Amino acid sequence: MFFMGTYTPKLDDKGRLFLPAKFRDQLAEGLVVTRGQERCLTVWPMADFVELTRRAQEAPVTVKGARDYTRFLFAGASEETPDKQGRITITPMLREYASLDRDVVVIGVMNRIEIWDPARWQQYSAEQEEKFSELSEEVFPGV
């Protein structure tokens, strides 16, 4: 199971997002929306979030970075199950964190989905495009 592609759905007045149709079957059993890096939101299929939780629990609580990361990740997490129309609710706190208004960009990133503010995504994309085109060594061995 993996996600790919870029989509531009809209949030409705209640903060609900229509998931792209290609993603709905993979998320029908439930998902978790969390704060992501670069001020986007990350949508994890429930099984993947459970695995992430298992790995996070293995980190010693004496490691400050692990405590900080898990606090931030889990405190902002929202468990959702798409409705019959394929919508999920993005909480006000998560919308504020990612600066989401009506227009959003939804991208598939292998095992997760990211939800971006369009202006922020455009800026990030432009910055990364140059770096991507200049890669001269293998990022992933053998690829």
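Residues numbered from 1 in each chain as written. Predicted model: local features only at pLDDT ≥ 70, side-chain atom pairs only at ≥ 80, totals over all residues. Heavy atoms only, no water.

K.L.:
Before we move on, can you summarise the overall build of the protein chain with the specific residues and values?
P.N.:
Each helix and strand counted, the protein chain has five helices and eight strands in total. Radius of gyration (C-alpha) of the protein chain: 16 Å, near the 15 Å computed for a compact globule of 143 residues. Taken along the three principal axes of its C-alpha coordinates, the protein chain extends 45 × 40 × 30 Å. Residues classed as buried in the protein chain amount to 35% of the 143 residues present. For the protein chain, restricting intrachain contacts to residue pairs at least 6 apart in sequence, the fraction spanning at least 24 positions comes to 62%. Accessible surface, the protein chain as shown: approximately 9,200 Å² in total, 54% of it carbon and sulfur. (Helix = DSSP H or I, 4+ residues; strand = E, 2+ residues; numbered from the N terminus. Rg over C-alpha atoms; globule rule 2.2 N^0.38 Å. Buried < 20%, exposed > 50% of the residue type's maximum accessible area, 1.4 Å probe, protein only. Contact = heavy atoms within 4.5 Å. Areas by Shrake-Rupley, 256 points an atom, 1.4 Å probe, with all protein chains shown as cover.)

K.L.:
How would you sum up the UniProt feature "domain: SpoVT-AbrB" (unreviewed entry) in the protein chain? Please name residues and give values.
P.N.:
Under the local residue numbering, the UniProt record ascribes the feature "domain: SpoVT-AbrB" (unreviewed entry) to residues 6–48 and 77–120. As annotated, residues 6–48 comprises 23% helix and 35% strand, and the C-alpha atoms at either end are separated by 21 Å. Between the end C-alpha atoms of residues 77–120 the distance is 21 Å, and the span holds 20% helix and 39% strand. (UniProt positions renumbered as here; feature names shortened; annotations may be inferred.)

K.L.:
How would you summarise the sheet that holds strand β3 (residues 31–35) if you had to cite specific residues and measurements?
P.N.:
If you trace the six strands from one edge of the open sheet to the other, you get β1-β7-β8-β4-β3-β5, paired in antiparallel fashion. Since the sheet does not close on itself, it has two edges, and those belong to β1 (3–7) and β5 (78–80), each with one partner. Recorded for the sheet is a direction-independent mean angle of 25 degrees between the axes of neighbouring strands. With five bridges connecting them, β3 and strand β4 (residues 41–45) associate as antiparallel partners. Across the sheet, the residue bridging to T34 is T42, located in β4. (Pairing = 2+ DSSP bridges. Axes fitted to C-alpha atoms, helices over the stretch in contact; angles between N-to-C directions.)

K.L.:
Could you give me a rundown of the pattern of salt bridges, with the residues and numbers involved?
P.N.:
By the definition in use, this model includes eight salt bridges. Measuring nitrogen to oxygen at the nearest pair gives 2.7 Å for the salt bridge that ties R16 to D12. Here R54 makes a salt bridge to E51, at a shortest N to O gap of 2.5 Å. A residue pair is termed a helical-turn pair when its members lie 3 or 4 positions apart in one helix, as R54 and E51 do in helix α2 (residues 46–58) at three residues. (Salt bridge = Lys/Arg side-chain N within 4 Å of Asp/Glu carboxyl O.)

K.L.:
Before we move on, could you go through helix α5 (residues 118–134) and cite the residues and values that matter?
P.N.:
Since one α-helical turn is 3.6 residues long, residues separated by three or four positions face the same way. Compared with the 24 Å implied by 1.5 Å per residue over 17 residues, the 24 Å span of α5 between its first and last C-alpha is a close match. Among the residues of α5, the N-terminal cap falls to D117, whose side-chain oxygen and the backbone nitrogen of A119 are separated by 3.2 Å. (Expected span 1.5 Å × (residues − 1). Polar contact = N/O pair within 3.5 Å; in protein donor to acceptor, adjacent residues only side chain to side chain.)

K.L.:
Report on unusual backbone geometry, specifying residues and quantitative values.
P.N.:
Where the residue is not glycine, phi is negative for most of them; where a peptide bond is considered, it is trans in most cases. Located in the positive-phi region is R39, a residue other than glycine, with phi close to 60 degrees. Inspection of the secondary structure puts R39 in the loop between β3 and β4. Owing to a relative accessible area of 40%, R39 belongs among the partly exposed residues under this scheme. Phi is positive for S99, which is not a glycine, with a value near 55 degrees. You can see S99 is positioned in the loop between α4 (92–97) and β7 (105–110).

K.L.:
Break down the packing of aromatic side chains for me, citing the residues and quoting the values.
P.N.:
One pass over the structure, following the stated rule, counts seven aromatic pairs. With centroids separated by 5.2 Å and ring planes inclined at 80 degrees, the aromatic side chains of Y7 and F23 adopt a geometry described as edge-to-face. Highlighted residues: Y7 in strand β1 and F23 in helix α1 (residues 21–27), separated in sequence by 16 residues. Assessed through its relative accessible area of 2%, F23 is described here as buried. Here the aromatic residues F3, Y7 and F23 are joined through ring pairs into a cluster of three or more. The lysine or arginine in question, R35, covers the ring of Y97, its NZ or CZ lying 5.9 Å from the ring centre. (Phe/Tyr/Trp six-rings, centres within 6.5 Å; stacked < 30°, edge-to-face > 60°. Lys NZ or Arg CZ within 6 Å of the ring centre and 35° of its normal.)

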